[in-house]
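# Residue-level structural notes
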Amino acid sequence: MEFSEVLSRRRMVRHFADRPVAPDVIDRVVDAGLRAPSAGFSQGYAVLLLTDADDRARFWATTETEQETASWPTETRAGVMRAPVIAVTLSCKRTYLDRYALPDKGWTDRAEGRWPVPYWHIDTGMVALLMLLQAVDEGLGALFMGMPPEKIPSFRAAFDVPDDHDVVGVVCFGYEAADAPRRDLRSRRREFSDVVHRGRW
Ligand SMILES: Cc1cc2nc3c(=O)[nH]c(=O)nc-3n(C[C@H](O)[C@H](O)[C@H](O)COP(=O)(O)O)c2cc1C
């Protein structure tokens, strides 16, 4: 698929088909994420990959909030929960502080004020984005979603996630359901000229 087609096709999929994804395809999607750039090539990110039905059920049991929301009615929740693959992306600040304390960087004080924004989270977001794009290239659909903060402790406990790794977000992917509703966001897309400031603000 042409890259321009991957870009134009990509949208968040919230209605997955009840159809498995071949293991080599799953690995290619996740591996694409690991091609993400990272500050100082720190690579302080991790992916918790859940494909077994029991693990996925445990994931939803520990992370799902009961309340139905406008953007996630019951039917949407069911559509998302059918995703055969859940890839939780996590960032590790310590890896960046360690990396930048090395002689070629020299930030031995490990001061967080040196960082304009937390690049550990940024880089992990790039991992997720590359997975979203590779999923499209593989003929799949994918969703990036947040994890409710109040659910993170139970998620950590259920999957033995170490304390020095923070959940950035969750990529669910699989084949899109044939009858998945289409969201048309074109009218809400900000104009190029609203976002881009040429030369000066
Ligand atoms: C950081 C981030 C967090 C998001 N969290 C959620 C979420 O928790 N639940 C959800 O349904 N969609 C979530 N989304 C998807 C956005 O709603 C979606 O990207 C946006 O509406 C644009 O739609 P599109 O990606 O299909 O073009 C998230 C997207 C990003 C980038």
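Here we summarise the structure given alongside this text. Computed from a predicted structure; not experimentally measured.

Across its full length, the chain holds eight helices and four strands. Listing the helices and strands of the chain from first to last along the sequence gives α-α-β-α-α-β-α-α-β-α-β-α. Rg of the C-alpha trace for the chain: 18 Å, near the compact-globule value of 17 Å for 201 residues, within the 12% margin. The dimensions of the chain, computed from C-alpha atoms along their principal axes, are 55 × 50 × 35 Å. Split into buried and exposed, the 201 residues of the chain put 42% on the buried side.

Turning our eyes to something else, we now look at the nonpolar core. Counting 26 residues, the largest nonpolar core has Trp115, Met131, Leu140, Val171 and Phe173 as the members making the most contacts within it. Contributing elements (two or more residues each) for this core: helix 2 (23–33), strand 2 (85–91), helix 5 (93–100), helix 6 (119–137) and strand 4 (166–174). Looking at this core, the element that brings in the most residues is helix 6, giving six residues. Setting aside residues no more than four positions away along its own chain, Met131 makes contact with Val29, Val30, Gly33, Val47, Ala87, Thr89 and Val171. One finds Leu48, Leu143, Val167 and Val170 within the second-largest nonpolar core, a separate group that totals 22 residues.

Unlike most non-glycine residues, Phe41 shows phi in positive territory, near 50°. Tracing the backbone shows Phe41 in the loop between helix 2 and strand 1 (45–50). Even without glycine at this site, Gln43 takes up a positive phi of about 55°. Relative to the elements of secondary structure, Gln43 occurs in the loop between helix 2 and strand 1. Using a relative accessible area of 35% as the deciding quantity, one classes Gln43 as partly exposed.

The subject of this paragraph is the pattern of salt bridges. Going through the model one piece at a time under the given rule, you end up with 14 salt bridges. For Arg94, the salt bridge identified is with Asp98, shortest N-O distance 3.3 Å. Taken together, the residues Arg94 and Asp98, both in helix 5 and four residues apart, mark about one turn of the helix. Taking relative accessible area as the criterion, Arg94 reaches 38% and is therefore assigned partly exposed. Classification of Asp98 as partly exposed rests on a relative accessible area of 31%. Of the charged contacts, one joins Arg156 and Asp166 as a salt bridge, the two residues approaching to 3.5 Å between their closest N and O atoms.

As a packed pair, helix 2 and helix 6 sit with axes 7 Å apart at the nearest point and diverge in direction by 140°. Relative to helix 6, the crossing made by helix 2 is right-handed. Residues Arg28, Val29, Val30, Ala32 and Gly33 of helix 2 pack against Val127, Leu130, Met131, Gln134 and Ala135 of helix 6. In terms of residue class, the contact of helix 2 with helix 6 is made up of seven nonpolar, two polar and one charged.

Lining the immediate environment of the ligand, one finds Arg10, Arg11, Met12, Arg14, Trp72, Leu143, Phe144, Met145, Gly146, Arg183 and Leu185. Measuring from an oxygen atom of the ligand, one finds a backbone N or O atom of Met12 at 2.7 Å. Residue Phe144 places a main-chain N or O atom 3.2 Å away from a nitrogen atom belonging to the ligand. For the shell around the ligand, a count of residues per class yields six nonpolar, one polar and four charged.

In space, the four strands of this open sheet follow the order 1-2-4-3, with antiparallel pairing throughout. If you trace the sheet from one side to the other, it starts and ends with strand 1 and strand 3 (141–145), each paired once. This sheet shows a mean twist of 20° between the axes of neighbouring strands, independent of strand direction. Where strand 2 lies against strand 4, seven bridges are found, and the strand directions are antiparallel. The residue of strand 4 that forms the bridge with Val88 is Val170. Contacting strand 1, strand 2, strand 3 and strand 4, helix 3 (residues 53–63) runs over the sheet at an angle of about 60° to strand 2.

All right, on to helix 5 then. Where helix 5 is concerned, the buried positions are Tyr96, Leu97, Arg99 and Tyr100. End-on, the buried residues of helix 5 take up no more than an arc of 165°, which puts them together on one face. Check the buried side of helix 5 and you find it contacts strand 1 and helix 6.

What counts and what doesn't
- Counting from 1, residues in each chain are numbered in the order their sequence is written.
- Totals for whole chains, interfaces and linings use all residues, but because this is a predicted model, local features are given only for residues with pLDDT of at least 70 and pairs of side-chain atoms are given and counted only at 80 or more.
- The side-chain numbers reported here are obtained from all heavy atoms of the structure, hydrogens and water having been left aside.
- Runs of E in the DSSP output that reach at least two residues are strands. Runs of H or I that reach at least four are helices, and both are numbered from the N terminus.
- Each radius of gyration is computed over the set of C-alpha atoms, and the globule rule expresses the reference value as 2.2 Å times the number of residues to the power 0.38.
- Note on exposure labels: buried denotes an accessible area under 20% of the residue type's maximum, exposed denotes more than 50%, and partly exposed covers the range between, all computed with a 1.4 Å probe on protein chains only.
- To form a nonpolar core, buried Ala, Val, Leu, Ile, Met, Phe, Trp, Tyr and Cys residues must be joined to one another through side-chain atoms within 4.5 Å.
- For this analysis, residues touch if any pair of their heavy atoms sits within 4.5 Å.
- What counts as a salt bridge is simple: a side-chain nitrogen of Lys or Arg found within 4 Å of a carboxyl oxygen of Asp or Glu.
- To get an axis, fit a line to the C-alpha atoms, keeping to the stretch in contact for a helix; angles then go from 0 to 180 degrees between the N-to-C directions.
- Each crossing gets its handedness from the near helix: less than a right angle anticlockwise from the far helix is left-handed, clockwise is right-handed.
- Ten residue types, Ala, Val, Leu, Ile, Met, Phe, Trp, Tyr, Cys and Pro, are classed as nonpolar, four, Asp, Glu, Lys and Arg, as charged, and the remainder, Gly among them, as polar.
- Whether a residue is near a molecule or strand depends on its heavy atoms: it is near if one of them lies within 4 Å of it.
- The definition of a polar contact used here is a pair of N or O atoms within 3.5 Å, where within protein one atom must be able to donate a hydrogen and the other to accept one, and adjacent residues in sequence count solely through side-chain atom pairs.
- Criterion used throughout: strands pair if DSSP finds at least two bridges between them.
- As used here, the arc is the angular range of directions from the helix axis to the C-beta atoms.

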